[in-house]
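# Summary of the model geometry
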Amino acid sequence: MKFETITLHNGNEIDPYTGAASIPIYQASTYHQFSIDHPGVFDYARSGNPTRQALENAIAKLEGGCRGFAFASGMAAISTVFLLFSRGDHLIVSQDVYGGTYRLLTQVLSRLGIEATFVDTTDLKAVQEAIRPHTKGIYVETPSNPLLKVSDLRGIVKIARSHQLLTIVDNTFLTPYYQQPLALGVDIVVHSATKFIGGHSDVVAGLVVARDEEIAEKLAFLQNSFGAILGVQDAWLVLRGLKTLPVRMETATKNAEILACWLVQHPAVRQVYYTGLPSHEGHAIQEKQAKGHGAVLSFDVGSEEKAKRILNKVRLPIVAVSLGAVESILSYPARMSHASMPREVRLKYGITDGLLRLSVGLENVDDLIEDLAQAMEEKVSVLISGK
Ligand SMILES: *Cc1c(COP(=O)(O)O)cnc(C)c1O
């Protein structure tokens with residue numbers, strides 16, 4: 001079956017007990033054991049719940065993994081995965097990893113004796129050179145935030161395998177609709193389901209999918225031990241969002257492609273970062289390892305003053321952190337996601353004061369263009385709307 005069909009027909013579409021066409025919210029913390037000698041599938045809801053399990057089964061199928069796990073947030077999912085490692089272990093992590101992941105590694109896991117080296121994972125040589133005797137894993141985010149840098153997943157897997165390192169990929173930006181890291185040999189996929197998978201800016205959730213049973217067993221143990229599980233109401237909301245993932249990704253990506261081309265020719269824009277543009281550094285690798293370019297792009301308008309004016313003048317995109325929703329979201333990395341990074345470091349990474357990140361939603365793209373055009377209009381210049 002094709003992806004779109006699996007999102008709707010994955011074995012969970014009908015409640016086995018009632019035939020309900022939507023998996024019910026099993027709002028129960030514990031389960032009666034009809035026989036002490038033969039316990040049922042579920043005993044206590046931290047360990048398992050039919051609603052959460054439906055979501056876990058669905059994401060496992062969509063990522064092509066052997067088992068899925070749902071957590072209270074993307075960070076709960078990522079934190080639980082990092083508990084696979086022990087004191088003395090060393091990890092190689094993408095330099096421009098999500099801020100929360102960076103904070104967890106540098107301020108929490110470092111305290112517990114798990115060390116991380118941040119490397120530009122688009123450079124395979126740098127990845128290779130960062131390996132130490134105690135290196136146990138490579139953690140990659142591709143495309144990365146906010147410059148959409150693309151890491152070569154096949155190349156990273158090859159390096160990891162030759163050193164018996166575990167590979168973990170944060171697949172939040174592309175979702176399994178466009179990118180399936182497990183098929184490329186990656187061991188574990190993590191998601192902030194708060195973003196595209198949930199898709200409606202109404203739920204915070206995280207997902208993990210394991211490639212094989214050995215890793216799945218360890219993750220199941222950690223999920224139950226650490227206990228950062230996704231609640232049933234939220235599991236149901238994510239299941240609901242997941243059903244429309246393919247159509248949302250298609251439409252949002254089409255809009256993003258049109259917007260990227262429009263931004264490229266706009267006189268007020270210095271640079272556009274979108275992997276769908278052939279001029280983007282990572283375009284060729286992206287084409288080889290993903291089926292699409294997704295709906296997140298960034299563009300540089302040259303200065304803080306200009307960026308702020310646009311943020312104040314846009315009417316359609318909400319101005320916020322987060323991404324991957326039905327509505328467009330415009331964010332300002334210098335003051336939002338990367339505010340805690342020293343300015344020199346931020347500038348060195350290319351995250352300038354004039355950089356804006358746009359997560360393109362499902363609005364009519366002509367309306368988005370018109371809105372951005374009016375927001376970017378400078379008093380004297382006459383702009384062409386691109387329509
Ligand atoms: C938002 C995000 C996270 C963290 O997820 P939460 O659901 O906010 O905890 C992790 N990785 C990426 C790429 C994200 O965008």
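The structure presented is a predicted model; accordingly, all values stated were derived computationally and were not measured. (Residues numbered from 1 in each chain as written. Predicted model: local features only at pLDDT ≥ 70, side-chain atom pairs only at ≥ 80, totals over all residues. Heavy atoms only, no water.)

## Observations concerning the UniProt feature "modified residue: N6-(pyridoxal phosphate)lysine" (unreviewed entry) in the protein chain
Taking the UniProt record as the reference, the feature "modified residue: N6-(pyridoxal phosphate)lysine" (unreviewed entry) is found at K195. If you trace the backbone, K195 turns up in the loop between β6 (188–192) and β7 (206–210). The buried category is assigned to K195, whose relative accessible area is 10%. The residues touching K195, leaving out its near neighbours within four places in the chain, are Y98, T172, S322, L323 and G324. (UniProt positions renumbered as here; feature names shortened; annotations may be inferred. Helix = DSSP H or I, 4+ residues; strand = E, 2+ residues; numbered from the N terminus. Buried < 20%, exposed > 50% of the residue type's maximum accessible area, 1.4 Å probe, protein only. Contact = heavy atoms within 4.5 Å.)

## Comments concerning the site of the ligand
Taken together, S73, G74, M75, I78, Y98, E141, D170, T172, S192, T194, K195 and A205 make up the full set of residues adjacent to the ligand. Take T194: an N or O atom from its side chain is 2.6 Å from an oxygen atom of the ligand. With the chains in place, 92% of the 380 Å² that the ligand exposes on its own is no longer accessible. The leading source of residues in the shell around the ligand is helix α3 (residues 74–82), at three residues. Grouping the constituent residues of the shell around the ligand by class yields four nonpolar, five polar and three charged. (Near = heavy atom within 4 Å. Polar contact = N/O pair within 3.5 Å; in protein donor to acceptor, adjacent residues only side chain to side chain. Areas by Shrake-Rupley, 256 points an atom, 1.4 Å probe, with all protein chains shown as cover. Nonpolar A, V, L, I, M, F, W, Y, C, P; charged D, E, K, R; others polar.)

## Quick look at the packing of aromatic side chains
Per the counting criterion, the structure on display carries five aromatic pairs. Measuring from centroid to centroid gives 4.8 Å for Y102 and F118, while their planes differ by 50°, and the two rings are tilted. Linking Y102 in helix α4 (residues 99–109) with F118 in strand β3 (residues 115–119), this pair joins segments that are 16 residues apart in sequence. What makes Y102 partly exposed here is its relative accessible area of 41%. Pairing Y177 with Y178 gives two aromatic rings, centres 4.9 Å apart and planes at 50°, and the pair type is tilted. Accessibility assignment for this pair places Y177 and Y178 in one class, buried. By the ring-pair criterion, three or more aromatic residues cluster together here, those being F3, Y177 and Y178. (Phe/Tyr/Trp six-rings, centres within 6.5 Å; stacked < 30°, edge-to-face > 60°.)

## Some details on the domain arrangement of the protein chain
For the protein chain, the assigned domains read domain 1 (3–243) and domain 2 (245–376). Placing the centre of domain 1 and that of domain 2 at their C-alpha centroids yields a distance of 26 Å. Listed as interface residues are 34 residues of domain 1 and, on the opposing side, 39 residues of domain 2. Taken together, the two surfaces of domain 1 and domain 2 that pack against each other cover about 3100 Å², and 61% of this comes from carbon and sulfur. When the area that domain 1 buries against domain 2 is broken down by residue, the three leading residues are L147, Y178 and F196, summing to 26%. Counting every contact that joins domain 1 to domain 2 gives zero salt bridges. Class assignment of the residues belonging to the side of domain 1 that touches domain 2 gives a composition of 15 nonpolar, 14 polar and five charged. (Domains from an automatic or database assignment. Buried area = accessible area lost by both parts, 1.4 Å probe. Salt bridge = Lys/Arg side-chain N within 4 Å of Asp/Glu carboxyl O.)

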